[in-house]
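Fold and geometry: a report
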Amino acid sequence: MTESLILSPPTLDCTGLTTREINQQLKKLAAAGADTVDLLNPQGRHNLAVAIEAPLKVRIRGPVGYYCGGLSEGVDIEVDGPCGWSVGENLMAGRILVKGNASACAAASAHGGTVCILGSAGPRAGISLKGGTLIVQGNVGHSSAFMMQAGTFIICGDAGHSLGDSLYDGTIYVGGEIASLGADAQLAPMTDEDNALLEQQLSPYGLATQDYAFKKIVCAKQLYHFKAQDFSKFKDAY
Amino acid sequence: MDDPILHTSSTFNPQVIAAIQERAELGRYMIRGFGAFRNVPRLDDLVFLTASMTRLPLEGYREKCDTRTVLGTRFAKRPMELEIPITVAGMSFGALSKNAKVALGQAATWLGTSTTTGDGGMLPAERDASAKLVYQCLPSRYGFNPKDLKKADAIEIVIGQGAKPGGGGLLMGQKVNAVVAGMRTLPEGVDQRSPSRHPDWIGPDDLRIKIEELREATDWEIPIYIKMGATRVKDDVKLAVKAGADVIVLDGMEGGTAATQSIFQEHSGIPTLPALVQAVEALKEIGVYGEVQLVISGGIRSGPDVAKALALGADAVSIGTSALIAMGCNKPVYIEDYQALGTEPYHCHHCHTGRCPVGITTQDEDLMARLPIEEASTHVANYLQSMVMEAQSLARSCGKSSVHNLEREDLVALTLEASAMAKLPLAGTDFILGQS
């Protein structure tokens, strides 16, 4: 990366560059104090904007593959298109906004920050979530929030089967229909605090809480410790 | 009156009877630590054909026998350069006490080798104590942090382990204290059931992309190991190589664990001996033997085990249980505390309870105080040193100026099982079971 490119409009055309070159250039731009960069022609490439530890805003103009923004801390990514598996995987802090659909395992094991998907997400969204916030404006597939440990997962649309199976903690909100709850997930009453939190989380994305009839799902804590009498609970749990 | 002659059923022996009655009380599978109890064909069943007339030995105490070992030469800019071919395997802070973790790091550092984090993240004190630290990326991702990743000297993606291939671990609530719960983002005191599958990828084609992600995150500097429990070794090794591993770490069924279902330990996976042989064959079949290094683990206890593993084609071995034993696991001290657990020294496998009498597999401050770091480090370092010297002695007696020059031709088998599994001739014959 030359200095002239930092001074010129921050645009990076992925055409002809390897993923490694793209990420190296992003890291150099971040280190040089750039605040925004436009990534052109991503062409569904995997591992874009991985492990960036800076408040760099990366606007990706097109579809991306697996692990977009994975292992990052503090980055602000916008994807103008759909994304592949595990967007925002192990995100520590920052924000990833996907303006299309996301494939499986969105925000897998994220520890912090916010992943917001304005389309729908595939199966296992929010799997192993350890903190932060995952927002999906559309629907999510089966086994979402599987083994979720902490954080907030807001689904404005419908949730597939086995939502929240074997979750330890954290809160899930669903605005649409739930195909089925997984083992140890249970409905809980919505409170004013929940509505305030939803409002606070959704309004930045132009989403209005009152457009949805949110339900709240939390851990029933029945799988925390084994009980010999609960035969089916342990046999049928994941 | 004479004692009556007792008749014992082989099918329903006392241990089987006790196990049935224990499950009748519990209503679940049994959980314990340590690893497989059953006897399996092992490296002990091989012997060296040391030098005589056809070969010249090297002088045992004078002539050089190199032990330097390099892992991760395939893609990484900074391969793992070790002084000895023995590494310390991944064991979690949580399963192990802080003192135990720090002592393992300290001992490994003294010997110029690496130690490994575990399920539960990187302990700062462990990083400080370990000159070379392998950072595990496990299915649970407990405490997985890109900042720690960037401090690592290698990454080990854990697909499984020999004690429970295909199964997840368990950390019983009594060990999930505030510190452990905080590091793992879990409710304090919960029975933690570790997942057996990674959350963000499924299958080797995805893993290839995952590996690229980890390399991007670490600027392609450090090696990436893939650790697997030994089951369908040949195919698994080939797929791991295809996925982009620099190093294969293969854990046989003798490998240990702090807690999992005893059925996994006794009834799944294959022993270390045949696993090693199959892994070497797999690497050779796809033409990457030497390019992708092989670390073998699971029941490695002695210099002869190390030397035999290297002769069969491993680049290094990794130890877990034996390092803990060197530290004092199952030592005949605090005997009343062993008895309170319903066991005795030499028989204890109660790691899962968190009441380790010698302070190794516990989070209890009082018990942990029984394991002073300096003493524990010294014992592990002495033990590592003794194993290296033993392996060198055997290598010199075979005429080898490097432990890595030991070869299959230096070994024969003592049993038919070992002959078949190692594909080596039965001692004193030209007969290889299954080949001849």
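Now for a quick tour of the structure. The numbering scheme is per chain: residues are counted from 1 as the chain's sequence reads. To read the labels, note that chains go from A and ligands from 1, taken in the order they are written. Given that the model is predicted, a residue must reach a pLDDT of at least 70 before its local features are reported, and side-chain atom pairs must reach 80 or more before they are shown or counted; all residues, however, enter totals for whole chains, interfaces and linings. Only hydrogens and water are removed before side-chain values are computed, so all heavy atoms of the structure are retained for them.

1. Concerning the sheet that holds strand 15 (residues 316-319) of chain B
All names here are of chain B. Applicable threshold: One requirement defines pairing of two strands: DSSP has to find at least two bridges between them. Numbering goes from the N terminus for both helices and strands, where a helix is a DSSP run of H or I of at least four residues and a strand is a run of E of at least two. We call two residues in contact whenever any of their non-hydrogen atoms come within 4.5 Å of each other. Each axis is a line fitted through C-alpha atoms, taken for helices only over the stretch in contact, and angles between the N-to-C directions span 0 to 180 degrees.
Pairing is parallel across the open sheet formed by eight strands, whose spatial order is 5-15-14-12-11-8-7-6. Each having just a single partner strand, strand 5 (86-88) and strand 6 (115-116) make up the two edges of the open sheet. Sheet topology places strand 7 (residues 133-137) next to strand 8 (residues 154-158); four bridges connect them, and they run parallel. In the sheet register, Gln 136 faces strand 8, and the bridge partner there is Glu 156. Against the sheet, helix 9 (residues 272-285) engages strand 12 (247-251) and strand 14 (293-297), with an angle of about 170° to strand 14.

2. Here's the deal with the packing of aromatic side chains
Quick reminder of the rule: For Phe, Tyr and Trp, where Trp contributes only its six-membered ring, two rings pair if their centres lie within 6.5 Å, and the inter-plane angle classes them as stacked under 30 degrees, edge-to-face over 60, or tilted in between. Here's how the labels work: a residue is buried when its accessible area is under 20% of the maximum for its type, exposed when over 50%, partly exposed in between, all with a 1.4 Å probe on protein chains only. Should the NZ of a Lys or the CZ of an Arg lie within 6 Å of a ring centre and within 35 degrees of the ring normal, that charge is described as sitting over the ring.
Counted according to the given criterion, the structure contains five aromatic pairs over all chains. An angle of 50° between the planes, with centres 5.5 Å apart, marks the rings of Tyr212(A) and Phe214(A) as tilted. On the accessibility criterion, Tyr212(A) (22% relative accessible area) is partly exposed. A connected cluster of aromatic rings, assembled from ring pairs, spans Tyr66(A), Tyr67(A) and Trp85(A). Between the NZ or CZ atom of Arg32(B) and the centre of the ring of Phe37(B), over which it lies, the distance is 3.6 Å. The aromatic ring of Tyr289(B) is capped on one face by Lys284(B), whose charged end is 4.8 Å from the ring centroid.

3. Brief notes about the sheet that holds strand 5 (residues 93-98) of chain A
Residues and elements named next belong to chain A. With mixed pairing, 11 strands are arranged side by side in an open sheet as 1-2-3-4-5-6-7-8-9-11-10. Each edge of the sheet is formed by a strand with only one pairing partner; in this case those strands are strand 1 (11-13) and strand 10 (185-188). Across the sheet, the mean angle separating the axes of adjacent strands is 15° when strand polarity is ignored. Bridge count for strand 2 (residues 36-40) against strand 3 (residues 57-61) is five bridges, and the pairing is parallel. Counterpart to Val 37 in the pairing with strand 3 is Val 58. The strands touched by helix 2 (residues 19-31) are strand 1, strand 2 and strand 3; relative to strand 2, the strand with the most contacts, the crossing angle is about 165°. Running over the sheet, helix 3 (residues 192-202) touches strand 7 (130-136), strand 8 (150-155), strand 9 (171-174) and strand 11 (215-219) and is turned about 75° from strand 8.

4. Brief notes about the interface of chain A and chain B
Frequently, the measure chosen for interface size is the accessible area that the parts lose on association. Stated formally: Note on definitions: buried area is the accessible-area loss of two parts on being combined, 1.4 Å probe, summed for both. A carboxyl oxygen of Asp or Glu within 4 Å of a side-chain nitrogen of Lys or Arg is what we treat as a salt bridge.
The partner chain B presents 39 residues to the 39 residues of chain A that form the contact. Interface of chain A and chain B: buried area, both sides summed, is about 3400 Å²; carbon and sulfur atoms make up 53% of it. On the chain A side of the contact with chain B, Arg20(A), Leu71(A) and Tyr168(A) bury the most area, a combined 18% of that side's loss. Summed over the shared surface of chain A and chain B, the number is six salt bridges.

5. So, helix 6 (residues 204-217) of chain B
Short version of the rule: By definition here, a helix of n residues has an expected span of 1.5 Å times n minus one.
With 14 residues, helix 6 of chain B should reach 20 Å at 1.5 Å per residue; the first-to-last C-alpha distance of 20 Å fits that figure. Counting buried residues along helix 6 of chain B, 10 of its 14 residues qualify, which places the element largely inside the surrounding structure. Among the residues making up helix 6 of chain B, those that are buried are Asp206(B), Leu207(B), Ile209(B), Lys210(B), Ile211(B), Glu213(B), Leu214(B), Arg215(B), Glu216(B) and Ala217(B). Those residues of helix 6 of chain B that are buried are in contact with helix 2 of chain A together with strand 7, helix 4 (146-151), strand 8, strand 11 (224-229) and helix 7 (233-243) of chain B. Once helix 6 of chain B finishes, Asp219(B) follows within two positions and takes phi at roughly 55°, a positive value.

6. Thoughts on the pairing of strand 2 of chain A
Residues and elements named next belong to chain A. Operational definition: Looking down the strands as they point away from the viewer, one classifies a crossover as right-handed if the path from the first strand across the helix to the second runs clockwise.
Burial analysis of strand 2 places four of its five residues in the buried class, which makes it a mostly covered element. Where strand 1 and strand 2 come together, three bridges link them in parallel fashion. By the bridge assignment for strand 2, Thr 11 is matched with Asp 38. With respect to chirality, the unit in which strand 1 leads through helix 2 into the neighbouring parallel strand 2 is right-handed.

7. Observations regarding the nonpolar core
The condition is simple: Take the buried residues of types Ala, Val, Leu, Ile, Met, Phe, Trp, Tyr and Cys, join any two whose side-chain atoms come within 4.5 Å, and each joined set is a nonpolar core.
Residues Leu46(B), Met327(B) and Ile360(B) are the most contacted members of the largest nonpolar core, which totals 107 residues. When residues of this core are assigned to their parent elements, the largest contribution, nine residues, is made by helix 14 (residues 373-397) of chain B. Look past the residues within four positions of Met327(B) in its chain and what remains in contact with it is Ala100(B), Ala103(B), Leu104(B), Ile360(B), Leu371(B), Ala376(B), His379(B) and Val380(B). Core analysis: the second largest hydrophobic core is formed by 56 residues, Ala49(A), Ala125(A), Leu129(A) and Cys219(A) among them.

8. Some words on the packing of helix 7 of chain B against helix 9 of chain B
Residues and elements named next belong to chain B. Formally: Any angle between 65 and 115 degrees counts as roughly perpendicular, while under 35 counts as roughly parallel, over 145 as roughly antiparallel, and the rest as oblique. Less than a right angle of anticlockwise turn of the near helix away from the far helix marks a crossing as left-handed, whereas a clockwise turn marks it as right-handed. Throughout, the ten residues Ala, Val, Leu, Ile, Met, Phe, Trp, Tyr, Cys and Pro are labelled nonpolar, Asp, Glu, Lys and Arg are labelled charged, and all others, Gly among them, are labelled polar.
Contact geometry for helix 7 and helix 9: axes closest at 8 Å, N-to-C directions at 45°. Between helix 7 and helix 9, the crossing angle belongs to the class labelled oblique. The interaxial crossing formed by helix 7 with helix 9 has right-handed handedness. Across from Val 233, Lys 234, Val 237, Lys 238 and Val 241 in helix 7, the residues of helix 9 making contact are Ala 275, Gln 278, Ala 279, Glu 281, Ala 282, Leu 283 and Glu 285. Partitioning the contact of helix 7 with helix 9 into residue classes produces seven nonpolar, one polar and four charged.

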